[in-house]
Amino acid sequence: PLCKEDVVSPWVMLPFTTECLAIEVTATTPYIEDFEKYDLQSMFDFCWSEEHISGENSWMINGVGDDFSSAKAHSGSKYMALSSRGGANTNKVMRTFTLKGDTYYKISLFAYQSDPSSVYMNIVEEGENGLNVLTRKDVINSDYQKYSAEFYASQSGDYRLGFMGEMLGTLRYLLID
């Protein structure tokens, strides 16, 4: 034994992170992200990676009544927001998923924006040849709309999938849920 019978050693707290494993997606186990489990005003999960393509603002978890006074969640009480305060902003967020080969997958999200122009939602795949935009849609009104894209996994394995918001003007915001 490391300690005498009546002696207790103190616990030592060591910070650590766990490996981000790919999420397996099948017909019976789809992946659904609703942002409800994350803390407000945080980047939602370290297993998602964010890349700033232009601009200074990050995607953040917000809740009803937070930063954007007219904002609302599509479902639940939380959503993810990207602001263009201070100038145009383009950011992508990606995560690794394990997919079965020779299978089509549908990727969907709901998007909402504050100004009826110059805001785009992209659903993207990142592979060996760079970024593949599966769909690029103008987010045209101030209520949630569904945006979808199909993705074909030619072989079984891990794929990087995600979304990219583009805001070409200032004082706009883009919400997804």
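On a predicted model such as this, the values are computed, not experimentally measured, just so you know. (Residues numbered from 1 in each chain as written. Predicted model: local features only at pLDDT ≥ 70, side-chain atom pairs only at ≥ 80, totals over all residues. Heavy atoms only, no water.)

## Quick word on the layout of surface pockets
Now for step 1: There is about 780 Å³ of room inside the largest pocket.
Now for step 2: Together, 26 residues line the largest pocket, and Y31, I32, E33, I107 and S108 are the ones closest to its centre.
Now for step 3: Listed by contribution, the elements that provide at least two residues to the lining of the largest pocket are β5 (89-99), β6 (103-113) and β10 (157-167).
Now for step 4: With 6 residues, β6 is the single largest residue contributor to the lining of the largest pocket.
Now for step 5: A breakdown of the residues in the lining of the largest pocket according to their chemical character gives 16 nonpolar, 5 polar and 5 charged. (1 Å grid on protein atoms, 1.4 Å probe; cavity = no way out; pocket = protein on both sides within 12 Å on 5 of 7 lines; lining within 4 Å. Points joined across faces, edges and corners; volume = space filled by probe spheres on them. Helix = DSSP H or I, 4+ residues; strand = E, 2+ residues; numbered from the N terminus. Nonpolar A, V, L, I, M, F, W, Y, C, P; charged D, E, K, R; others polar.)

## So, the pattern of salt bridges
Now for step 1: Under the criterion given, the structure shown has 4 salt bridges.
Now for step 2: In this structure, K92 and E51 form a salt bridge, with 3.2 Å as the shortest nitrogen-oxygen distance. Separated by 41 residues along the polypeptide, K92 in strand β5 and E51 in strand β2 (residues 49-54) bring together distant segments of the chain.
Now for step 3: Owing to a relative accessible area of 6%, K92 belongs among the buried residues under this scheme.
Now for step 4: Residue E51 is classed as partly exposed on the basis of its relative accessible area of 38%.
Now for step 5: When the shortest N-O distance is used, the salt bridge between R136 and E166 registers 2.8 Å. Within this pair, whereas R136 is found in strand β8 (residues 130-138), its partner E166 is found in strand β10, the two being separated by 30 residues in sequence.
Now for step 6: Relative accessible area serves as the criterion here: at 44%, R136 is assigned to the partly exposed category.
Now for step 7: Among the residues examined, E166 registers a relative accessible area of 12% and is labelled buried.
Now for step 8: Three or more residues joined by partner-sharing salt bridges are found here, namely E51, K92, E126 and R160. (Salt bridge = Lys/Arg side-chain N within 4 Å of Asp/Glu carboxyl O. Buried < 20%, exposed > 50% of the residue type's maximum accessible area, 1.4 Å probe, protein only.)

## Regarding the environment of A111
Now for step 1: Mapped onto the elements of the fold, A111 is located in strand β6.
Now for step 2: Separated by 32 residues in sequence, A111 and D143 have C-alpha atoms that sit 7.8 Å apart.
Now for step 3: Residues contacting A111, with those up to four places away along its chain left out, are V139, D143, Y144, Q145, Y147, L174, L175 and I176. (Contact = heavy atoms within 4.5 Å.)

## What about the sheet that holds β6?
For sheets, the rule is that strands pair by backbone hydrogen bonds, running either parallel or antiparallel.
Now for step 1: The strand order across the open sheet built from 5 strands is β3-β4-β11-β6-β9, with neighbouring strands paired in antiparallel fashion. Each of the sheet's edge strands pairs with one partner strand only, and the pair in question is β3 (60-63) and β9 (145-153). When the angles between neighbouring strand axes are averaged without regard to direction, this sheet yields 40°.
Now for step 2: Sheet analysis places β6 next to β9, joined by 9 bridges and oriented antiparallel. Bridged to F110 within β9 is K146. (Pairing = 2+ DSSP bridges. Axes fitted to C-alpha atoms, helices over the stretch in contact; angles between N-to-C directions.)

## Considerations on the side chain of T90
Now for step 1: By the secondary structure assignment, T90 is in strand β5.
Now for step 2: A relative accessible area of 10% places T90 in the buried class.
Now for step 3: With residues up to four places along the chain from it excluded, the contact list for T90 reads E51, H52, I53, S54, M164, G165, E166 and M167.

## Side note on the nonpolar core
Proteins that are soluble and globular tend to have nonpolar side chains buried together.
Now for step 1: In terms of nonpolar packing, the biggest core is built from 29 residues, with W59, L99, L109, M121, F163, L174 and I176 touching the most fellow members.
Now for step 2: Counting residues per element, the ones that place at least two in this core are β4 (78-83), β5, β6, β7 (119-127), β9, β10 and β11 (173-176).
Now for step 3: Not counting chain neighbours up to four residues away, the residues in contact with L99 comprise V25, Y105, F151, A153, Q155, S156, G157, Y159 and L161.
Now for step 4: Among the nonpolar cores identified, the runner-up in size contains 7 residues, and Y79, Y144, Y173 and L175 belong to it. (Core = buried A, V, L, I, M, F, W, Y, C linked by side-chain atoms within 4.5 Å.)

## A word on the pairing of β6
Now for step 1: Two strands pair when backbone bridges link them, and β6 and β11 are joined in this way by 3 bridges, in the antiparallel orientation. The partner of Y112 across the bridge, within β11, is L175.

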